[in-house]
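Structural overview for review
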Amino acid sequence: AYAVREGARVGASLGNGGSSPGTVDAAIVAAVQRGLTNPILIDNITSIDIYQADAAGRPMAGKIDSYDKDGNLIGSAGWPAASRVVGLNGDSIGVRVRYDFHPITPLGTLMGVVFSPTPGYSIIPMADSSVMHLEPIP
């Protein structure tokens, strides 16, 4: 939770990057990585998504930039920083981290018995996100 809040905070404060829009997403990804102080957590990331959020905080269709754990763009950019609208009536930015949890205790087996007809989870996909309003660059 801390990592996605930190990424969203950085993204909100950078807005559209002003004269340097190409640096915004890299700064957001770096903030998320800094928030995950344990290298094992970083290795389990499947994607870091930066998206334009609707009024309910959900990603808007086609307005998502996804990065791998190393900050490499997955696919093509759907919401480049230069197109982000800052200010009072501007956009909201969402940052979501998807990762795989690998239980090392019987938790995976117990969850399989309770939630699945086939017992046993060796990987549990998880996600967390945070949304903030884009602020103008001072």
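This report concerns the structure included in the present document. Only a predicted model underlies this, so the values are computations on that prediction, with no experimental measurement involved. (Residues numbered from 1 in each chain as written. Predicted model: local features only at pLDDT ≥ 70, side-chain atom pairs only at ≥ 80, totals over all residues. Heavy atoms only, no water.)

Let us look at the pairing of strand E1 (residues 45-53). Counting buried positions along E1 yields eight of nine residues, so the element is predominantly enclosed. As judged from the eight bridges shared by E1 and strand E4 (residues 92-101), these two strands associate in the antiparallel manner. Bridge pairing in E4 links isoleucine 50 to valine 95. Here E1 pairs with strand E2 (residues 59-67) via five bridges, running antiparallel. Looking at E2, one finds that isoleucine 50 is bridged to aspartate 65. Between E1 and the antiparallel strand that follows it, E2, lie five residues; glycine 57 among them carries a positive phi value of about 90°. (Buried < 20%, exposed > 50% of the residue type's maximum accessible area, 1.4 Å probe, protein only. Helix = DSSP H or I, 4+ residues; strand = E, 2+ residues; numbered from the N terminus. Pairing = 2+ DSSP bridges.)

Bringing the side chain of serine 47 into the picture now. One can find serine 47 in strand E1. Under the relative-accessibility criterion, serine 47 is labelled buried at 8%. Polar contacts involving the side chain of serine 47 include one to the side chain of aspartate 49, which spans 3.3 Å. (Polar contact = N/O pair within 3.5 Å; in protein donor to acceptor, adjacent residues only side chain to side chain.)

Moving on to the side chain of arginine 84. Of note, arginine 84 is situated in the loop between strand E3 (73-74) and E4. Within the structure, arginine 84 has its side chain in polar contact with the backbone oxygen of tryptophan 79 (distance 2.8 Å). Beyond its immediate chain neighbours, meaning those up to four positions away, arginine 84 contacts Gly15, Asn16, Val24, Asp25, Ile28, Ile50, Asp65, Trp79, Asp91, Ile93 and Leu134. (Contact = heavy atoms within 4.5 Å.)

Let us now look at the sheet that holds E4. Taking strand neighbours across the sheet as the criterion, the five strands line up as E3-E2-E1-E4-E5 in an open arrangement whose pairing is antiparallel. A single partner strand is all that each edge strand has here, and the edge strands are E3 and strand E5 (124-133). The sheet strands contacting helix H1 (residues 2-14) are E4 and E5, and the helix crosses E5 at an angle near 30°. Relative to E1, helix H2 (residues 24-35) is tilted by about 130°, and along the sheet it contacts E1, E2 and E4. (Axes fitted to C-alpha atoms, helices over the stretch in contact; angles between N-to-C directions.)

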